[in-house]
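Chain residues, written in single-letter form:
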Amino acid sequence: GLSKTSGLYELTNPLGKWVALPLILLVQLTIGPLLATPRTATVSYTIGIALFLPADWQGGGLLLYTGLFFGLTYLAMVQESKITALIGKYLNPLFLLILAVIFALAFSHPLGQAHHLAALGSYRPAAFANGFLQGYNTMDSLAGLIFGMTIITAIHELGVTDRTAVSWATIKSGLIGMGSVAIIYLGLIWLGATSRAKFALGANGGITLAQVAHHYLGSLGDGLLAVLTILACITTAMGLVAAFAQALNQLFPTISYRTFLRLACGGAFLIANLGLDLIIAWSAPILTFLYPLVITLIVLGILTPWLGLDRVSFRLTFGLTALPAFLSLFKDLPPVLAHTAPIQNLVTAASHWLPWYSLGFAWLPFTCLGLLLSGLLKLRRA
């Protein structure tokens, strides 16, 4: 694409192997067994199963469900089953159709008026900043680094080989994808906001969506949403664990694909049984640290063909970004750690010395400084 690299490995090469390898592993683990993959099971359980079970059955229900979920995921990927293509081609669009029906019903018969409801919590003083940071939880940029080369390969298979044509095809398909996802996200935001007029604030979005579907479609909505969500999530899980196993197998070829596949499925199973709320809580500090680094890498990769950035520029900008990003993760730790005296003292000091720390953007001035210094160094050498 625009970065003229063949994937995450080449993009991180200028950082040196002692930085690149841990970063690659952290991204892969985050997309794999640590965060994204476990959430495919917990989200589908929350929407499709949990509401049908008594409260005292939730722990056992989650254990049984995640065991079946990741067992099927492993069997499908180890046998290279075509079920992924089948579900992706037919059932994912059906899921989007059901979601579109819910959106249409919600817009024609809204649960309430969103503008009559006051913002809550951190959305009250800084709605945009908090919304931007909550977007980290989608992990779309991390997935983009992993699957970007897959998309480019697919474009090549369509007969497009010229580098410029591939870049434009990637941009066009990306804009269509981003626009479509943006419409879905805006619809879900509106659903969540208006649902507060009828339902109490849910612990997570999965519970809220299930409540809204039941309100508009009753038991039919419960069943359809449950089945389609489970199928959509297991398809996603299959892609994630396969990508994780393939990538790690390339990095460490002496360890088999199946071994890494077992690691992905087994690790995701264990993490998933912590529950969706706990996974989201522990996702925050990891993503707060990782996302600025990933955004910086993407920007550097895009600018390099035009500015001719070199190894020094990469290391300088990345290094300046890494320090405030690391300090920012302490601000988002779960309460069990955030309320301890050492962490509170560190957060207080960082809030005093780092601009925009309280908003979660302490890294941004440092990234801009790194890019500016890189440009000045380039001009001096010219």
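The following refers to the structure shown. (Residues numbered from 1 in each chain as written. Predicted model: local features only at pLDDT ≥ 70, side-chain atom pairs only at ≥ 80, totals over all residues. Heavy atoms only, no water.)

Summarising the element assignment, Ser374 is placed in helix H15 (residues 363–381). For Ser374, a relative accessible area of 1% puts it in the buried group. In terms of polar contacts, Ser374 uses its side chain to reach the side chain of Thr317, at 3.3 Å. (Helix = DSSP H or I, 4+ residues; strand = E, 2+ residues; numbered from the N terminus. Buried < 20%, exposed > 50% of the residue type's maximum accessible area, 1.4 Å probe, protein only. Polar contact = N/O pair within 3.5 Å; in protein donor to acceptor, adjacent residues only side chain to side chain.)

Mapped onto the fold, Asn130 is located in helix H6 (residues 127–134). When its relative accessible area of 12% is taken as the criterion, Asn130 is described as buried.

To continue, consider the environment of Thr235. Locating Thr235 in the fold gives a position in helix H9 (residues 205–251). A relative accessible area of 9% means that Thr235 is categorised as buried. In this structure, the C-alpha to C-alpha distance between Thr235 and Thr73, residues 162 residues apart in sequence, is 8.2 Å. A polar contact of 2.7 Å, which involves the side chain of Thr235, links it to the backbone oxygen of Leu231.

Glancing now at helix H8 (residues 163–195). Its 33 residues place the ends of H8 47 Å apart at the C-alpha level, agreeing with the 48 Å of an ideal helix rising 1.5 Å per residue. Taken as a whole, H8 has its buried residues at Val166, Ser167, Gly187, Leu191, Thr194 and Ser195. (Expected span 1.5 Å × (residues − 1).)

Within the largest apolar cluster, 30 residues are counted, with the highest numbers of intra-cluster contacts made by Leu23, Ile31, Met139, Leu142, Leu287 and Leu297. Taken together, the elements giving at least two residues each to this core come down to helix H2 (17–34), H6, helix H7 (140–157), H9, helix H11 (276–307) and helix H12 (311–329). The greatest single-element share of this core, amounting to 8 residues, is contributed by H11. Dropping the residues within four chain positions of it, Leu23 is found in contact with Thr12, Leu15, Leu290, Leu293, Leu297 and Phe318. (Core = buried A, V, L, I, M, F, W, Y, C linked by side-chain atoms within 4.5 Å. Contact = heavy atoms within 4.5 Å.)

Running from N to C, H2 and helix H3 (residues 36–48) point in directions that differ by 25°, and their axes come no closer than 3 Å. What the angle tells us is that H2 and H3 run roughly parallel. For the pair formed by H2 and H3, the contact residues are Thr30, Ile31, Gly32, Pro33 and Leu34 on the first element and Ala36, Thr37 and Pro38 on the second. In terms of residue class, the contact of H2 with H3 is built from 5 nonpolar, 3 polar and no charged. (Axes fitted to C-alpha atoms, helices over the stretch in contact; angles between N-to-C directions. Parallel < 35°, antiparallel > 145°, perpendicular 65-115°, else oblique. Nonpolar A, V, L, I, M, F, W, Y, C, P; charged D, E, K, R; others polar.)

What follows concerns a nonpolar patch on the surface. A surface patch of nonpolar side chains, about 440 Å² in accessible area, is lined by Val181, Tyr185, Leu186, Leu188 and Ile189. Looking at the element boundaries, Leu188 is found in helix H8. (Patch = residues over 30% accessible without salt bridge, like charges linked within 9 Å, V, L, I, M, F, W, Y side chains within 5 Å. Areas by Shrake-Rupley, 256 points an atom, 1.4 Å probe, with all protein chains shown as cover. Salt bridge = Lys/Arg side-chain N within 4 Å of Asp/Glu carboxyl O.)

Turning to the pattern of salt bridges, a few remarks are in order. With the rule as written, the count across this model stands at 1 salt bridge. Between Asp332 and Lys331 there is a salt bridge; the shortest N-O distance is 3.3 Å. Its relative accessible area of 24% is what places Asp332 among the partly exposed residues.

Let us now look at the side chain of Thr66. Position of Thr66 relative to the elements: it lies in helix H4 (residues 58–78). A polar contact of 2.7 Å, which involves the side chain of Thr66, links it to the backbone oxygen of Leu62. Separated by 3.0 Å, the side chains of Thr66 and Asn273 make a polar contact.

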